[in-house]
Amino acid sequence: MSSLLVTALILGAGLAMDAFSVSLADGLNEPHIPGARMIFISGLFGFFQFIMPLAGWLCVHAIARLFQGFQPFIPWISLILLVWIGIDMIRESGSRQKPAVTISALAIQGIATSIDALSVGFTISAYSWSEAFPFCLVIGVVTWIICLTGLWIGKRFGVRLARTSGLAGGVLLICIGLEIFIRGLF
């Protein structure tokens with residue numbers, strides 16, 4: 001196994017942890033989620049984890065100076081997006097009929113949990129396109145698998161904790177947002 005593949009697998013697992021936690025919260029919020037939707041949601045998170053480092057790689061090769069000014073705002077953006085979705089999930093947890101997480105909310109979750117992966121593009125800037133693309137693809141696939149697992153676990157516990165799962169999921173999203181924010185400051 002090449003060192004590039006091993007690095008991509010390890011980095012993919014590390015980057016996927018925030019998305020895993022959000023997937024867990026989504027599974028808690030939607031305990032009767034069908035399998036096809038689980039595949040779609042985890043695929044969406046995988047897509048964002050694939051595209052963000054690739055976008056970072058492209059930025060280094062095209063507009064690196066402009067992007068570096070954006071770097072300090074990444075923790076703030078993640079915090080705002082995840083707290084907003086978490087509060088919305090908590091607010092909806094009191095209703096009898098829990099709505100499924102919308103596509104737009106999932107896209108926001110995907111961006112919020114993968115925006116830090118943009119910086120990975122800087123670290124792989126020395127790679128050629130033929131190395132960077134599969135490297136990012138491996139990160140996306142690893143994220144997809146890990147998020148599918150998170151959804152499955154959340155779904156299992158969500159069925160048992162149906163009354164409080166939306167509240168738990170919302171609080172978890174807010175905590176993830178805070179964790180990303182604090183980690184980004186230090």
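Residues numbered from 1 in each chain as written. Predicted model: local features only at pLDDT ≥ 70, side-chain atom pairs only at ≥ 80, totals over all residues. Heavy atoms only, no water.

Visitor: Lay out the overall build of the protein chain with the relevant residues and their values.
Guide: The number of helices and strands found in the protein chain is eight helices and zero strands. Ordering the α and β elements of the protein chain from the N terminus gives α-α-α-α-α-α-α-α. Across the 186 residues that make up the protein chain, the buried fraction comes to 45%. Long-range contacts, defined as pairs at least 24 residues apart, comprise 91% of the intrachain contacts of the protein chain with a sequence gap of at least 6. If you sum the accessible surface of the protein chain, you get close to 9300 Å²; carbon and sulfur atoms cover 73% of it. (Helix = DSSP H or I, 4+ residues; strand = E, 2+ residues; numbered from the N terminus. Buried < 20%, exposed > 50% of the residue type's maximum accessible area, 1.4 Å probe, protein only. Contact = heavy atoms within 4.5 Å. Areas by Shrake-Rupley, 256 points an atom, 1.4 Å probe, with all protein chains shown as cover.)

Visitor: Outline the environment of Leu 178, supporting the account with residue identities and numerical values.
Guide: Relative to the helices and strands, Leu 178 is located in helix α8 (residues 165-185). In sequence terms Leu 178 and Val 83 are 95 residues apart; their C-alpha atoms lie 8.1 Å from each other.

Visitor: I'd like a description of the packing of helix α2 (residues 35-62) against helix α5 (residues 103-114), backed by residues and values.
Guide: Between α2 and α5, the least distance of the axes is 9 Å, while the angle of their chain directions is 40°. The angle between the axes of α2 and α5 places the two elements in the oblique class. As α2 packs across α5, the resulting crossing turns out to be right-handed. Contact residues: α2 offers Arg 37, Phe 40, Ile 41, Leu 44, Phe 45, Phe 48, Gln 49 and Met 52, while α5 offers Ile 103, Leu 106, Ala 107, Gln 109, Gly 110, Ile 111, Thr 113 and Ser 114. (Axes fitted to C-alpha atoms, helices over the stretch in contact; angles between N-to-C directions. Parallel < 35°, antiparallel > 145°, perpendicular 65-115°, else oblique. Left-handed = near helix turned anticlockwise from the far one by under 90°.)

Visitor: Talk me through the packing of helix α1 (residues 3-29) against α5; I want residue IDs and the actual numbers.
Guide: Packing of α1 against α5 leaves a shortest axis separation of 9 Å and a crossing angle of 150°. As far as their axial angle goes, α5 and α1 are roughly antiparallel. Crossing handedness for the pair α1 and α5: right-handed. On α5, the residues touching Leu 15, Asp 18, Ala 19, Val 22 and Asp 26 of α1 are Leu 106, Gln 109 and Thr 113. For the contact of α1 with α5, the class distribution of residues is four nonpolar, two polar and two charged. (Nonpolar A, V, L, I, M, F, W, Y, C, P; charged D, E, K, R; others polar.)

Visitor: Outline the confidence of the model for the protein chain, listing residues and values.
Guide: For the protein chain, the average pLDDT comes to 83, and 87% of its residues sit at 70 or higher. When mean pLDDT is compared element by element in the protein chain, α2 scores highest at 92, while helix α3 (residues 64-68) scores lowest at 62. (pLDDT = per-residue confidence, 0-100.)

Visitor: Explain the pattern of salt bridges residue by residue, including any values.
Guide: Tallied over the full model, the rule gives three salt bridges. In this structure, Glu 179 and Arg 183 form a salt bridge, with 3.0 Å as the shortest nitrogen-oxygen distance. You can see Glu 179 and its partner Arg 183 sitting in helix α8, four residues apart, about one turn around the helix. Taken together, the shared-partner salt bridges connect Asp 18, Glu 179 and Arg 183 into one network. (Salt bridge = Lys/Arg side-chain N within 4 Å of Asp/Glu carboxyl O.)

Visitor: Explain the nonpolar core residue by residue, including any values.
Guide: Ranked by internal contacts, the top residues of the largest apolar core, which has 43 residues, are Leu 82, Ile 124 and Leu 173. Of all elements in the fold, only α1, α2, α4 (74-93), α5, α6 (118-123), α7 (129-160) and α8 reach the threshold of two or more residues within this core. In this structure, Ile 124 is in contact with Trp 57, Ala 132, Phe 135 and Cys 136, ignoring residues within four places of it in sequence. (Core = buried A, V, L, I, M, F, W, Y, C linked by side-chain atoms within 4.5 Å.)

Visitor: How would you sum up the UniProt feature "transmembrane region" (unreviewed entry) in the protein chain? Please name residues and give values.
Guide: UniProt marks residues 37-60, 72-90, 132-154 and 166-185 with the feature "transmembrane region" (unreviewed entry), using the numbering shown here. For residues 72-90, the helix share is 89%, the strand share is 0%, and the end-to-end C-alpha distance is 29 Å. Between the C-alpha atoms that bound residues 132-154 the distance is 33 Å, and the span itself is 100% helix and 0% strand. (UniProt positions renumbered as here; feature names shortened; annotations may be inferred.)

Visitor: Got a sec to walk through the side chain of Thr 113? Specific residues and values, please.
Guide: With respect to the helices and strands, the residue Thr 113 is situated in helix α5. By relative accessible area, Thr 113 is classed as buried at 1%. Within the local environment of Thr 113, its side chain forms a polar contact with the backbone oxygen of Gly 110, the two atoms lying 3.4 Å apart. Filtering out sequence-adjacent residues up to four positions away, Thr 113 remains in contact with Leu 15, Asp 18, Ala 19, Val 22, Phe 45, Gln 49 and Leu 82. (Polar contact = N/O pair within 3.5 Å; in protein donor to acceptor, adjacent residues only side chain to side chain.)

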